[in-house]
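# A structural walkthrough
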Amino acid sequence: MSKKRVRIREASGEIVEPARVTESREREQRRQRQATYSVDLLLSLLLFLTPLVHLLVCPYTKVEESFNLQAMHDILYHRTNLSAYDHLEFPGVVPRTFLGPLFISVLSSPIVGVCSLFGASKFAAQYIVRGMLAIMVMSSFNSFRGSVSKLFGRDVACYLVLLTLSQSHFMFYASRPLPNTFALAIALRAISAWMNRDHVAFILYSAFVIIVFRSELCILMGLLLLAELLSKRLDLVQVIFWGALGGVVSIVLTVMVDSLFWQRLLWPEGEVLWYNAILNKSSNWGTSPFLWYFYSAIPRALWASVALVPLGCTVDSRLPWFLLPPLGFVFIYSFLPHKELRFIIYVFPMLNVAAAAAIAYILRNFKKSVFIKLMALGVLGHFAVNVVATALMLGVSHHNYPGGDIMHKMHQSIPANLDIHVHIDVATAQTGVSRFTQVNPNWRYNKTEDLKEGGAEMMQYSHLCIGAPNEDSPELSWYRRTHRILAFAKGYAGMQKPTNLRMLLTSPPKLIVEPRIYLLERNGWRREDV
């Protein structure tokens, strides 16, 4: 463009930039977009890898996870042979739906098949199904993160991810086959749809997760729905239509599928609701004070980030209203005496949004005052506290599955070509044993309960897995003359307390582990005769 033409356009009032300035600005914008994409990609990668780290450190499961884990094993390996399924022999206190295990098993089946062709054991399949579940949960969390970015800003969404990565419980539970974890993957989708004002998706997701997986989510989803109705963003007729449609489809689906697997007509979550809420029999498994979720569960889930939640509510006027439904859910759910942290896991991401907003505010205004700079240092220190607490918690969790460890030691110490018969007691079965850990097809594994200690039935087994605190315990006294200890597995027994201030400041916390499960071998057992 000639200088004369530029002067004419400037005289007419039109602002004209030299071509080199425009090109420089476009290059800067491209660099910013590339940097944004790189950060988002890195955060997404960390979101999917971190729960897999928790899975690798803690590959075993406990009794609360047994139904879904055994169901995935049976779907993968027994397929249509329902008579061989574990739940028919060990049904548990209440029936659970097969829809979650069926979905994960179908997704995992090709990978399990390929691994089997290369000689991988069944235990590798346990990693696969749990890893697939974690992927589903984190995919839903990514959707939630995108909704946060649209509503509160991209920086808040980034800090939300960093907060979640620094905390332990959400990442730990992401791969654990609990009913709450299956529900979490769908609940996050429903919450994301609510934030995006996608009311149809919100109602359908809510109906499905309430009817199929966790009925208590009617409280959380109901409060979110009430907020939309009171603000007149949602019409009651629309709620009735889509709610009825989602409810009918969900209940027909779960009744059809689960009646087939359980071999009787039933609605699993309906029976769970009756057992927990109407009969209140969940109290048989322990009770906690009314405010336990507020003073214990939430602080342990968020670690030091819990202190940032109130600050976030003061810097963004939308956040108190955003947190009202999840906090209302926790308050109402507190009336049920039996409490566990996993029961309210759905609210942790929402609480973290407020903490992330606080961090975003502090870092946006970093240069404004010395006080803000000190707060920024506090934010960095808070991340360090979270990471240390998470690492410590992961170490504790690693030693919480002696039953799984003793199964591993048994398969290592006894030749695989022998046809042994092993009895697994309750303590062993509840701390890591699953059908995935029963990797030797030549062996017979038995979990029959209530057998008489030292009785004739127990003497029929070549090997015994017995929970006991030490070699001189009463649990092992029955077998001192008839068996020898082949191996034992240790479990978490507490934490070494510092004896003075210097030890507190200079020595890292030390975990105490003690024998928990013993593997016994019968004396005079002739392996060739078993």
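Refer to the structure printed above.
Quantities reported herein were computed from a predicted structural model and do not represent experimental measurements.

This paragraph deals with the environment of Leu162. In this structure, Leu162 sits in helix 6 (residues 154-166). The class for Leu162 is partly exposed, based on a relative accessible area of 34%. On a C-alpha basis, the gap between Leu162 and Leu46 in space is 9.3 Å, while along the polypeptide they are 116 residues apart. If we skip the residues at most four places from it in the chain, Leu162 touches Leu43 and Phe383.

Glancing now at the packing of aromatic side chains. Taken as a whole and assessed by the stated rule, the structure comprises 27 aromatic pairs. Cluster of aromatic residues (ring-pair linked, three or more members): Trp292, Tyr293, Phe329, Tyr333, Phe343 and Tyr346. For the cation-ring pair, Lys122 lies above Tyr77, with the distance from its terminal atom to the ring centre recorded as 5.7 Å. One Lys or Arg, Lys409, reaches over the ring of Phe488 and ends 5.8 Å from the middle of that ring.

Our focus in this paragraph is the pattern of salt bridges. Using the criterion set out here, one finds 17 salt bridges in the structure. Asp86 serves as the salt-bridge partner of Arg435, at 3.5 Å between the closest nitrogen and oxygen. Placement of Arg435 in the loop between helix 19 (426-429) and strand 2 (444-446) and of Asp86 in the loop between helix 3 (66-77) and helix 4 (99-117) is noted, with a sequence separation of 349 residues between them. Take Asp86: its relative accessible area is 6%, and that puts it in the buried class. Two residues, Asp155 and Arg364, come together in a salt bridge whose shortest N-O distance is 2.7 Å.

The next thing to look at is a nonpolar patch on the surface. Taken together, Val248, Ile251, Val252, Met256 and Trp267 make up a surface patch of nonpolar side chains, about 440 Å² in accessible area. When you line up the elements, Trp267 lands in the loop between helix 11 (236-262) and helix 12 (268-278). On the basis of relative accessibility, which here comes to 31%, the residue Trp267 falls in the partly exposed class.

Let us look at empty space enclosed by the protein. Take a probe with the size of a water molecule and roll it over the atoms, and the empty space left behind shows itself. Under the criterion given, the structure shown has one cavity of 30 Å³ or more. Lining the largest cavity, in full, are Asn68, Pro95, Arg96, Thr97, Pro179, Phe182, Val212, Phe213, Pro268, Glu269 and Val272. Of all elements in the fold, only helix 8 (179-195) and helix 12 reach the threshold of two or more residues within the lining of the largest cavity. The biggest single contributor to the lining of the largest cavity is helix 12, with three residues. The class makeup of the residues in the lining of the largest cavity is seven nonpolar, two polar and two charged.

Right, let's talk about the nonpolar core for a bit. Counting residues in hydrophobic clusters, the biggest one holds 113 residues, and the most contacted among them are Phe144 and Ile344. When sequence neighbours within four positions are dropped, the list of residues in contact with Ile344 reads Tyr293, Ala297, Ile298, Phe329, Val330 and Tyr333. Val422, Val433, Tyr445 and Ile517 belong to the second-largest nonpolar core, a separate cluster that totals 17 residues.

Picture the strands of a sheet paired through backbone hydrogen bonds; they go either parallel or antiparallel. Here we have five strands laid out as an open sheet, ordered 2-1-3-5-4, and mixed in their pairing. Taken across any chain shown, the strands that pair with only one partner, and hence form the sheet edges, are strand 2 and strand 4 (483-496). In this sheet, adjacent strand axes meet at a mean angle of 20 degrees when their direction is disregarded. Examined bridge by bridge, strand 1 (residues 421-424) and strand 2 share three bridges and lie parallel to one another. Each residue of the ladder has a partner; that of Val422, found in strand 2, is Tyr445.

On to unusual backbone geometry, then. A positive phi is found at Arg197, a non-glycine position, where the angle reads about 60 degrees. Since its relative accessible area comes to 36%, Arg197 is described here as partly exposed. Look at Asp450: it is not a glycine, yet its phi comes out positive at around 60 degrees. Of note, Asp450 is situated in the loop between strand 2 and helix 20 (456-459). Using a relative accessible area of 78% as the deciding quantity, one classes Asp450 as exposed.

Turning next to the pairing of strand 1. Alternating positions in strand 1 separate into two faces, His421 and His423 on one and Val422 and Ile424 on the other, with burial throughout. With three bridges connecting them, strand 1 and strand 3 (residues 463-467) associate as parallel partners. The residue bridging Val422 from the neighbouring strand is His463, located in strand 3.

Parameters and conventions
Residues numbered from 1 in each chain as written. Predicted model: local features only at pLDDT ≥ 70, side-chain atom pairs only at ≥ 80, totals over all residues. Heavy atoms only, no water. Helix = DSSP H or I, 4+ residues; strand = E, 2+ residues; numbered from the N terminus. Buried < 20%, exposed > 50% of the residue type's maximum accessible area, 1.4 Å probe, protein only. Contact = heavy atoms within 4.5 Å. Phe/Tyr/Trp six-rings, centres within 6.5 Å; stacked < 30°, edge-to-face > 60°. Lys NZ or Arg CZ within 6 Å of the ring centre and 35° of its normal. Salt bridge = Lys/Arg side-chain N within 4 Å of Asp/Glu carboxyl O. Patch = residues over 30% accessible without salt bridge, like charges linked within 9 Å, V, L, I, M, F, W, Y side chains within 5 Å. Areas by Shrake-Rupley, 256 points an atom, 1.4 Å probe, with all protein chains shown as cover. 1 Å grid on protein atoms, 1.4 Å probe; cavity = no way out; pocket = protein on both sides within 12 Å on 5 of 7 lines; lining within 4 Å. Points joined across faces, edges and corners; volume = space filled by probe spheres on them. Nonpolar A, V, L, I, M, F, W, Y, C, P; charged D, E, K, R; others polar. Core = buried A, V, L, I, M, F, W, Y, C linked by side-chain atoms within 4.5 Å. Pairing = 2+ DSSP bridges. Axes fitted to C-alpha atoms, helices over the stretch in contact; angles between N-to-C directions.

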